[in-house]
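Report on the structure
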Amino acid sequence: MTTAPAPVPTTPAATVHGGGAGASAAAPTPTPARPTRRRPRGGSWLATVPLFLFFLIGFGLPAVAIVIGAFTTSSDAEGGGGQFTLDNIRDSVQGAYWTAMLSSLKLSALTALLATLIGLPIAQAVVTSRQTWLRQAVLTASGVLANFGGLPLAFAFVATLGNAGEVTKLLHLTDHGWSLYSFTGLTIVYLYFLIPLMVLTITPALDGLRVQWREAAHNNRATTVQYWLHVALPILLPSLLGGFVLLFGSAFAAYATAAAMVGATVPLVSRSIADALSGNVLVGQGNLALALSLNMIVVAVLVMAVYLPLQRRSARWLS
């Protein structure tokens with residue numbers, strides 16, 4: 001009884017006949033499998049429910065109430081409350097209320113512009129400094145001062161630069177016409193927290209300026225002024241405009257410092273809203289404060305509509 005010969009296994013380096021003397025073909029190496037990405041489970045969006053609820057309760061419902069109240073009569077009106085009317089909106093853009101709105105816009109634009117012009121060189125000095133401790137100290141102080149406002153800030157300036165303040169008496173500023181309780185004094189107070197905010201805002205953009213750009217400009221015999229005019233500032237322009245808009249919104253929404261320091265000396269829309277809420281209006285104009293608040297919301301929406309595209313464009317350049 002004979003047995004059939006066992007088949008010879010084929011090796012990966014088997015000889016291929018007809019391909020020339022000594023020609024051989026190696027088996028292709030297997031391609032490693034790509035790691036599969038785990039898709040998020042369908043219920044992962046449930047983690048965002050608390051955030052949306054907080055936004056709805058804290059911002060959505062009050063905004064809806066403001067819009068409805070701005071276009072309806074108050075409970076003390078002659079025909080009763082809840083009736084549709086445009087009187088609140090019309091009154092909010094006339095007389096003293098319109099003057100307060102223009103004063104707030106002027107103060108916010110001026111302080112934001114000054115803070116941008118002053119904060120940029122300070123941030124540049126910090127970024128180019130070789131002292132790490134100086135950068136950390138300035139950024140830390142800026143973070144603290146940018147959030148320092150309200151009654152403590154007003155008290156600090158009144159005790160320092162008020163009519164009986166220490167610096168005022170030491171330098172005899174009253175004899176030169178100085179008054180803290182004026183538009184100029186309020187501008188200086190606002191710069192106290194807007195300049196640090198600008199330093200924090202523009203520092204990441206300055207860090208994004210590449211050294212190669214400066215070296216290329218110098219290799220082409222460009223001066224420092226030419227480098228800033230033709231290279232650095234065009235790249236930083238979206239960030240500068242975004243920082244200006246952010247400072248404008250911060251100054252426009254500030255209330256406690258101005259209310260505690262100047263009161264009604266400098267007309268501001270935030271102060272007008274407080275007076276209307278406290279009942280300091282004519283009979284039948286109880287919802288006037290809601291109309292003024294709606295005007296501020298419109299300004300804030302316009303500010304954000306300008307700020308967000310500028311931030312995206314700046315991030316694309318400096319990323």
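Residues numbered from 1 in each chain as written. Predicted model: local features only at pLDDT ≥ 70, side-chain atom pairs only at ≥ 80, totals over all residues. Heavy atoms only, no water.

Okay, the overall build of the protein chain next. When helices and strands are tallied, the protein chain shows 12 helices and zero strands. The buried share among the 319 residues of the protein chain stands at 33%. Considering only contacts within the protein chain whose residues lie at least 6 apart along the sequence, 69% involve residues at least 24 apart. Only carbon and sulfur atoms are counted for the fraction: they give 66% of the accessible area of the protein chain, which is about 20,300 Å². (Helix = DSSP H or I, 4+ residues; strand = E, 2+ residues; numbered from the N terminus. Buried < 20%, exposed > 50% of the residue type's maximum accessible area, 1.4 Å probe, protein only. Contact = heavy atoms within 4.5 Å. Areas by Shrake-Rupley, 256 points an atom, 1.4 Å probe, with all protein chains shown as cover.)

Take the packing of helix 3 (residues 95-128) against helix 7 (residues 183-207) next. Look at helix 3 against helix 7: their axes get within 6 Å of each other, and the N-to-C directions meet at 45 degrees. One way to sum up the angle between helix 3 and helix 7 is to call them oblique. The two elements helix 3 and helix 7 cross, and the hand of that crossing is right-handed. Here the residues of the contact of helix 3 with helix 7 sort into 20 nonpolar, seven polar and two charged. (Axes fitted to C-alpha atoms, helices over the stretch in contact; angles between N-to-C directions. Parallel < 35°, antiparallel > 145°, perpendicular 65-115°, else oblique. Left-handed = near helix turned anticlockwise from the far one by under 90°. Nonpolar A, V, L, I, M, F, W, Y, C, P; charged D, E, K, R; others polar.)

What follows concerns unusual backbone geometry. Glycine aside, residues mostly have negative phi, and peptide bonds are mostly found in the trans state. Backbone geometry places His172, a non-glycine residue, at a positive phi of 55 degrees. With a phi angle near 65 degrees, Arg221 is a residue other than glycine that sits in the positive phi range. Structurally, the position occupied by Arg221 is in the loop between helix 8 (211-219) and helix 9 (224-253).

Nonpolar side chains in soluble globular proteins tend to be buried together. Judged by nonpolar contacts, the single largest core of 55 residues is most densely connected at Leu186, Tyr190, Ile202, Leu206 and Met261. Contributing elements (two or more residues each) for this core: helix 3, helix 5 (151-161), helix 7, helix 9, helix 10 (256-261), helix 11 (269-277) and helix 12 (288-318). In terms of residue count, helix 7 provides more of this core than any other element does, 13 residues in total. When near neighbours in sequence (up to four residues on either side) are disregarded, Met261 contacts Ala154, Phe157, Val158, Leu180, Tyr181, Gly185, Leu186 and Val189. (Core = buried A, V, L, I, M, F, W, Y, C linked by side-chain atoms within 4.5 Å.)

Now for helix 3. Given a rise of 1.5 Å per residue, 34 residues ought to cover 50 Å, and the 50 Å separating the end C-alpha atoms of helix 3 matches this to within 8%. Where helix 3 bends most, the angle comes to about 25 degrees, and this point is Gly119, followed within four residues by the proline Pro121. (Expected span 1.5 Å × (residues − 1). Bend = angle between axes of the 7 residues up to and from the residue.)

Model confidence for the protein chain is summarised by a mean pLDDT of 82, while 82% of its residues fall at 70 or above. The low-confidence segment residues 8-26 (pLDDT under 50) makes eight contacts with residues lying over four places distant or belonging to another chain. (pLDDT = per-residue confidence, 0-100.)

With that out of the way, let us pick up the environment of Trp133. Topologically, Trp133 is positioned in helix 4 (residues 132-145). A distance of 3.0 Å separates a polar atom in the side chain of Trp133 from a polar atom in the side chain of Gln131. (Polar contact = N/O pair within 3.5 Å; in protein donor to acceptor, adjacent residues only side chain to side chain.)

This structure, assessed with the given rule, holds eight aromatic pairs. Here Phe157 and Tyr192 contribute two aromatic rings whose centre-to-centre distance is 5.5 Å and whose plane-to-plane angle is 90 degrees, an arrangement assigned as edge-to-face. Of this pair, Phe157 sits in helix 5 while Tyr192 sits in helix 7, placing them 35 residues apart in sequence. Overall, Phe157 belongs to the buried group, its relative accessible area being 12%. Judged by relative accessible area, which is 33%, Tyr192 ranks as partly exposed. Joined through ring pairs, the aromatic side chains of Phe54, Phe55 and Phe59 make up one cluster. Taking the ring centre of Phe183 as reference, the NZ or CZ of Lys106 above it sits at 5.1 Å. (Phe/Tyr/Trp six-rings, centres within 6.5 Å; stacked < 30°, edge-to-face > 60°. Lys NZ or Arg CZ within 6 Å of the ring centre and 35° of its normal.)

Taken together, the side chains of Trp45, Leu46, Val49, Leu53, Leu56, Ile57 and Leu61 present a nonpolar region at the surface, about 700 Å² in accessible area. Checked against the element boundaries, Ile57 lands in helix 1 (residues 49-70). Take Ile57: its relative accessible area is 58%, and that puts it in the exposed class. (Patch = residues over 30% accessible without salt bridge, like charges linked within 9 Å, V, L, I, M, F, W, Y side chains within 5 Å. Salt bridge = Lys/Arg side-chain N within 4 Å of Asp/Glu carboxyl O.)

Among the structural elements, Ile273 can be located in helix 11. Between the C-alpha atom of Ile273 and that of Tyr97, which follows or precedes it by 176 residues, the distance is 9.2 Å.

This paragraph deals with the side chain of Thr111. Of note, Thr111 is situated in helix 3. Discounting residues that sit within four places of it in the chain, Thr111 has contacts with Thr187, Tyr190, Leu191, Leu194 and Ala251.

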